[in-house]
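A closer look at the structure
Listed here are the chains, written in short residue letters.
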Amino acid sequence: MPIFTISIEDYSPLISYSPVPPWRPGKSDGDSLFDKYSDNSFTLSDTNGSTALFSFNGTSVRIYGAKRGNHGDYQVTVDGKDYPPMSGTANESTFESTEVLFTATLDPGLHNVSVVNLGSADPKLQFFDIDFVEWDTFIDGEDGPIVDTVQDTDAAFSYSPVSAWDNNTEHSGFFMGLTGHTSSQSSSFFALSFSGIGVSLFGPIGPDCGNYVVELDGGPGEIFSASNVKFRPQVPLYHAVGLPSGPHSLKVTSLSTSAGAKTLAIDYANVFRHPASESA
């Protein structure tokens, strides 16, 4: 069975950080090693007990980050199993790039991962950071999946209420195909109908973006946040794979409030399907 790899940066809404603060984006000011991180970005904490969480459907996972002179210990839990604590301390003079902080091979299926900053008894060793995360997914059949890109203007997308959605976005130049849909109205939503075995949604994150809830095939909603200190386009907002081959539906609802209106935006979707199946 073929394997394909999904990679998400530290700022993806697919990773949740708790509590916020102390989790915060790394800064280039005063950090000579900032450009060693993937996409010049990392998320860090200097507080014992702060946690990063994500879920994935696959067979193996890798968490990348730095080992540095001010880093302490950390611990990873997968599906309720605690792995032994590990040290993130290293000589900064040898730091050339981030490395695999944790890797595990697992049974195929849905997995829940948490990473906890344990800090250290030494007050100088309190930091932990995440650079990016990768996981591998098996696909049934002899060939890998076909990926169909579905633009926000495609008939597979619908928007409600129509009056709440604007397709003349402020940052349209950063959107694929120079098109996108945005809304800051509470409870406005978009829906996507597709046929396949998986789907990824892409859109921007940034200071003006807010929380949203995703429902797959009418199931329980999952809440994510697109809020970030920096505007970044074409970021994975949602990902699901390992679905039964066939028709599926997604509903994504803005959780913006009238007290502090925040934007929900969609750029495009990637739909994964078997080579023998019909196009989405």
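Cut-offs used in this document
Residues numbered from 1 in each chain as written. Predicted model: local features only at pLDDT ≥ 70, side-chain atom pairs only at ≥ 80, totals over all residues. Heavy atoms only, no water. Helix = DSSP H or I, 4+ residues; strand = E, 2+ residues; numbered from the N terminus. Polar contact = N/O pair within 3.5 Å; in protein donor to acceptor, adjacent residues only side chain to side chain. Buried < 20%, exposed > 50% of the residue type's maximum accessible area, 1.4 Å probe, protein only. Contact = heavy atoms within 4.5 Å. Salt bridge = Lys/Arg side-chain N within 4 Å of Asp/Glu carboxyl O. Pairing = 2+ DSSP bridges. Phe/Tyr/Trp six-rings, centres within 6.5 Å; stacked < 30°, edge-to-face > 60°.

**Description of the environment of N112**
Its place among the elements puts N112 in strand β9 (residues 99-119). In this structure the side chain of N112 is engaged in a polar contact, spanning 2.6 Å, whose partner is the side chain of S55.

**Observations regarding the environment of Y238**
By the element assignment, Y238 lies in strand β18 (residues 232-254). The exposure class of Y238 is buried, given its relative accessible area of 4%. Aside from chain neighbours lying at most four places away, what touches Y238 is L14, V199, S200, L201, V214, L216, E222, F224 and L250.

**A word on the pattern of salt bridges**
Within the structure shown, the criterion is met by six salt bridges. A salt bridge links D39 to R232, with the nearest nitrogen and oxygen atoms 3.4 Å apart. Taken together, the residues span a long stretch of sequence, with D39 in the loop between β3 (24-25) and β4 (43-45) and R232 in strand β18 at a distance of 193 residues. A salt bridge links E134 to R62; the nearest nitrogen and oxygen atoms lie 3.0 Å apart. Highlighted residues: E134 in strand β11 (residues 132-138) and R62 in strand β5 (residues 51-65), separated in sequence by 72 residues. Neither E134 nor R62 differs from the other in exposure class; each is buried. Linked through salt bridges whose partners overlap, the residues forming this network are R62, E134 and D136.

**So, the side chain of S254**
Along the chain, the position of S254 falls in strand β18. A polar contact of 3.1 Å, which involves the side chain of S254, links it to the backbone nitrogen of S256. Sequence-distant contacts of S254, that is, excluding residues within four places in its chain, are made with Q185, S186, S187, S188, N211, K262 and L264.

**A look at the sheet that holds β3**
The sheet built from three strands is open, its strands ordered β3-β4-β10 with antiparallel pairing. Each edge of the open sheet is held by one strand with a lone partner, namely β3 and β10 (128-130). Bridge count for β3 against β4 is two bridges, and the pairing is antiparallel. Among the inter-strand pairings, P25 is bridged to a residue of β4, identified as T43.

**Observations regarding the packing of aromatic side chains**
In total, this model carries 20 aromatic pairs according to the counting rule given. Relative to F132, the ring of Y64 has its centre 4.1 Å away and its plane inclined at 10 degrees; by these criteria the two rings are stacked. Remark: F132 occurs in strand β11 and Y64 occurs in strand β5; sequence separation between them is 68 residues. Comparing Y64 with F132, the two get one shared label, buried. An aromatic cluster is present here, built from Y17, W23, Y74 and F128 joined pairwise through their rings.

**Some thoughts on the pairing of strand β16 (residues 211-216)**
Along a regular strand, successive side chains alternate from one face of the sheet to the other. Note that β16 and strand β17 (residues 222-225) share four bridges and pair antiparallel. Within β17, the residue paired with V214 across the bridge is E222. Joining the antiparallel neighbours β16 and β17 is a turn of five residues, in which D217 adopts a positive phi near 55 degrees. Alignment of β16 against β18, held across five bridges, turns out to be antiparallel. By the bridge assignment, Y212 is partnered in β18 with S254.

**Looking at unusual backbone geometry**
Comment: phi is negative for the bulk of residues other than glycine, and the bulk of peptide bonds are trans. Each neighbour pair has its own omega, and for S18 with P19 the value is -10 degrees, a cis peptide bond. Structurally, the position occupied by P19 is in the loop between β2 (16-18) and β3. Here the amide bond leading from S160 into P161 is cis, since omega sits at -15 degrees, within 30 degrees of zero. Among the structural elements, P161 can be located in the loop between β13 (157-160) and β14 (181-183). Even without glycine at this site, L178 takes up a positive phi of about 60 degrees. Here L178 shows up in the loop between β13 and β14. Since its relative accessible area comes to 57%, L178 is described here as exposed. Phi angles above zero are rare outside glycine, and Q234 is one such case at about 55 degrees.

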